[in-house]
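Secondary and tertiary structure notes
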Amino acid sequence: MLGLDNIEKVKPGGLELTDRLVAVNRVTKVTKGGRAFGFSAIVVVGNGEGVIGYGLGKSKEVASAISKAVEDAKKNLVKVPVINHTIPHETSARYGGADIFLRPATHGTGVIAGGTVRMVVEAAGIHDILSKSKGSSNPHNVVKATFKALLEIRRPEEVARMRGVSLDKVFNG
């Protein structure tokens, strides 16, 4: 999907996935016979427990574009680390002109994020997070940058194993 090493792919079988429509774009192709309209839709799917995916669908009708996007999203499901309804550490990523910064938040903070980032993190089951989106507000690039940021997060167990220390030492220094 985005070319990272630690991606944990997930199969959609047996998962209760909810889909969220991020954006629908009307595109026009000008031909000799006039204008031909089409639609492209970007959708985020997730199970609310760390499994998320995004997809793009294109069609002449909005409904079929959305359904194609949902099918595409189900083919690209990945697992992101969610601990106590937040992320383990802060992260940032850039995709195209979109620059995303994500920071864990204490319980009760809520999702402090703009529309596109909010849809992605809520689909992942993250309830407490602080975020800042800089640069482009293009929904396609913001979704991809948010995914890239979430996929760069490392699990505490993985960090402890790489450093050769206990999990307690990772959290308490």
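My aim in this report is to walk through the structure given alongside it, one point at a time.

What counts, and at which threshold
Residues numbered from 1 in each chain as written. Predicted model: local features only at pLDDT ≥ 70, side-chain atom pairs only at ≥ 80, totals over all residues. Heavy atoms only, no water. Salt bridge = Lys/Arg side-chain N within 4 Å of Asp/Glu carboxyl O. Buried < 20%, exposed > 50% of the residue type's maximum accessible area, 1.4 Å probe, protein only. Helix = DSSP H or I, 4+ residues; strand = E, 2+ residues; numbered from the N terminus. Pairing = 2+ DSSP bridges. Contact = heavy atoms within 4.5 Å. Axes fitted to C-alpha atoms, helices over the stretch in contact; angles between N-to-C directions.

Quick look at the pattern of salt bridges now. The full count for this structure, using the stated rule, is four salt bridges. A salt bridge links Asp-99 to Arg-94; its shortest N-O distance comes to 3.8 Å. Overall, the relative accessible area of 23% leaves Asp-99 in the partly exposed class. Residue Arg-94 is classed as partly exposed on the basis of its relative accessible area of 48%. A salt bridge links Arg-118 to Glu-122; the shortest N-O distance between them is 3.4 Å. In this pair, Arg-118 and Glu-122 are both assigned in helix α2 (residues 115-123), four residues apart and thus about one turn of the helix distant. With a relative accessible area of 30%, Arg-118 lands in the partly exposed category. Through salt bridges that share partners, Arg-20, Arg-118 and Glu-122 make up one connected network.

This brings us to the pairing of strand β6 (residues 91-95). Pairing geometry for β6 and strand β7 (residues 98-104), over five bridges, is antiparallel. Counted as the bridge partner of Ala-93 is Ile-100 from β7. Count of turn residues in the β6/β7 antiparallel hairpin: two residues, of which Gly-96 carries a positive phi of about 60°.

Attention shifts here to the sheet that holds strand β1 (residues 8-9). Read from one edge of the open sheet, five strands run β1-β5-β4-β3-β2, paired in antiparallel fashion. On the outer flanks of this sheet lie β1 and β2 (18-31), each paired with one strand and no other. Bridge analysis of β2 against strand β3 (residues 34-46) gives 13 bridges, and the strand direction is antiparallel. Its bridge partner being in β3, Arg-26 is matched across the sheet by Phe-39. Against the sheet, helix α1 (residues 62-75) touches β2, β3 and β4 (51-59), its axis set at about 145° to β4. Each of β2, β3, β4 and β5 (78-79) touches helix α3 (residues 139-151); the most contacted strand, β4, lies at about 155° to it.

Further remarks concern unusual backbone geometry. Backbone geometry places Asn-84, a non-glycine residue, at a positive phi of 55°. Topologically, Asn-84 is positioned in the loop between β5 and β6. Residue Asn-84 is classed as exposed on the basis of its relative accessible area of 66%. At His-85, a position not held by glycine, the phi torsion is positive, near 65°. Tracing the chain through its elements places His-85 in the loop between β5 and β6.

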